[in-house]
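# Breakdown of the fold
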Amino acid sequence: MSRRILTILPFLVATATPTLEAQRAQADPDDRGLKIAIGDFGLGIGDVPRLNGLRINFSDDDLDRINGVNLTLWKPDEPVRGTINGLSIGLLSPSADVLRGVTLGLGAPVAQDEMVGVNLGGLAVVSTGVLRGISAAGLALVAEDEIEGIGAAGLALVSEGGITGAHVGGLAVVSQGEMRGIHAGGLALVSQGPIAGLGLGGLAVVTEGGIDGLVAGGLATVASGDVQGAAAGGLAVVSEGRFRGIAAAGLAVVAGADFTGIGLGGLAVVSGGDYRGIALGGLAVEAENRLTGLGAGAYKVKAYEVNGAALAVGWTDLARLNGFAVGGYNRIGYQSGVSIGLYNSAEVLSGLQIGLLNRADNARFRYLPFVNAKF
C-alpha cells in the first residue's frame, strides 16, 4: 500500500499545484484583512479595500470603495482616500475621499472631496471639499468648499465657499462666499459675499457684499454693498452702497449712496445720495442730495433739495425746497412752497412764509412779521 502511495504522490502534487496557483492569482494583493465574500459581496474584517456589504476595521486605511456598511474605531493614517456609499459609523473619525449616505462619528467625520447625505459628528463634521445634506455637530461644521442643505453646530458653521439652505451656529455662521437661505448665528452672521434670504445675528450681521432679503443684528447690520429688503440693528444699520426697502435701528440708519424706502433711526437717518421715501430720525435726517418724500427729525433736517416735506422741531437746512417745511428755524436757499417756523429765511422765495419773523431777500419787504409772500 505504501508503495502505491509513493507511486501516485508526485501525480497528486502536480495536479494540485495549478489549483493553488489559480487561487493565489484570484486573491486581491491589496487585501490585508479577512474577506469572507463571494467576489466583492460579503463581509470584510480589517483593511479590505473593496466590498459590497459589511466592513469592520480599526481605521479607514487602504480604502478604495465600500458599498454598504462601514464600521471603524479610529482615525486613518494620512492620506485619506476612497469612497464609502451607505452607512459609515466611526467611534472617532470615519474618513474617506467621498462619503455618501449616512455618516456618524463620535469625534469628527472627515471627507477629502465631498460629504453628502446625513452627516453627524459629536465634535465636528469636516469636509475639505463640499458638505451637502443634513449635518449637525456638537462644536463645528467646516467645509473648504460649499455647504448646502440643513445644518446646525454648537459653536460655529464655517465655509470657505458659499452656504446655501438653512443653518444655525451657536456662536457664528461664517462664509467666504455667498450666503443664501435662512441662517442664524448666536453672536454673528459673517459673509464675504452677498447675503440673500433671512439672516439673524445675535450681535451683528456683517457682509462684504450686498444684502437681498430680511436681516437683523442685535447690535448692527453692516453691508459693504447694496441692500435690498428689510434690515434691523439694535444700534445701527449701515450700507456702503444703495439701500432699497425698510431699515430700522436704535441709533442710526446710514446709506453711503441712494436710499429708497422707509428709514427709522433712534438718532439719525443719513443718505450719501438721494433719499426717496420716508425718513424718521430721533434727532436728525440728512440727505447729501435730494430728499423726495418726508423727512422728520427732532433736531434737524438737512438736504440739498427737498421735494415733499421737511419737519423738525429745531431747524431745517435746505438749499432748495419744493413743498413744505416746518421747523423752529427754516434756512432755505430757494423756496417754492410753504415754510412755517419761528424764523423763516429764504434767499429766493416763491411761495409763503408763516412765522414770528420772515426773511425773503427777493420780496418787496425783506423782513416781515407773521407772514411774507412772493409769487
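As shown above, the structure is provided for reference.
A few points on the structure. Residue positions are given per chain, counted from 1 along the sequence in the order it is written. Thresholds applied to this predicted model are a pLDDT of at least 70 for local features of residues and 80 or more for the giving and counting of side-chain atom pairs; totals over whole chains, interfaces and linings are not thresholded and use all residues. Side-chain measures were taken over the full set of non-hydrogen atoms in the model, leaving aside hydrogen atoms and water.

So, about the environment of I66. Looking at the element boundaries, I66 is found in strand 4 (residues 65–74). Buried means the residue's accessible area, taken with a 1.4 Å probe over protein chains only, is under 20% of the maximum for its type, while exposed means over 50%, and partly exposed covers the values in between. On the basis of relative accessibility, which here comes to 0%, the residue I66 falls in the buried class. Any two residues having at least one pair of non-hydrogen atoms within 4.5 Å are treated as being in contact. Excluding residues within four positions of it along the chain, I66 makes contact with V48, P49, R50, L51, R55, T83, I84 and N85. A run of DSSP states H or I qualifies as a helix once it reaches four residues; a run of E qualifies as a strand once it reaches two. Both are numbered from the N-terminal end.

This part takes up the pairing of strand 19 (residues 211–217). Strand pairing is assigned whenever DSSP detects at least two bridges linking the two strands. Alignment of strand 17 (residues 195–201) against strand 19, held across seven bridges, turns out to be parallel. Paired with L198 across the two strands is L214, which belongs to strand 19. In the sheet, strand 19 pairs with strand 21 (residues 227–233) via seven bridges, with the strands oriented parallel. In the sheet register, V215 faces strand 21, and the bridge partner there is A231.

Moving on, we come to the packing of aromatic side chains. Each pair of aromatic rings taken from Phe, Tyr and Trp, with Trp reduced to its six-membered ring, is defined by centres within 6.5 Å and is described as stacked if the planes are under 30 degrees apart, edge-to-face if over 60, and tilted in the remaining cases. Enumeration according to the criterion identifies four aromatic pairs in this entry. A ring pair is formed by F259 and Y275, whose centres lie 4.6 Å apart and whose planes are at 5°; its orientation type is stacked. Linking F259 in strand 25 (residues 259–265) with Y275 in strand 27 (residues 275–281), this pair joins segments that are 16 residues apart in sequence. Judged by its relative accessible area of 0%, F259 is buried. An angle of 15° between the planes, with centres 6.2 Å apart, marks the rings of W315 and Y329 as stacked. Here the residue W315 occupies a position in strand 30 (residues 315–326), and Y329 occupies one in strand 31 (residues 329–360), the gap between them amounting to 14 residues. Overall, W315 belongs to the buried group, its relative accessible area being 18%.

This part covers unusual backbone geometry. Even without a glycine there, the phi angle at D62 is positive, about 50°. Relative to the helices and strands, D62 is located in the loop between strand 3 (50–59) and strand 4. Here the phi dihedral of F370 falls at roughly 70°; this positive angle occurs in a residue that is not glycine. Relative to the helices and strands, F370 resides in strand 32 (residues 367–374).

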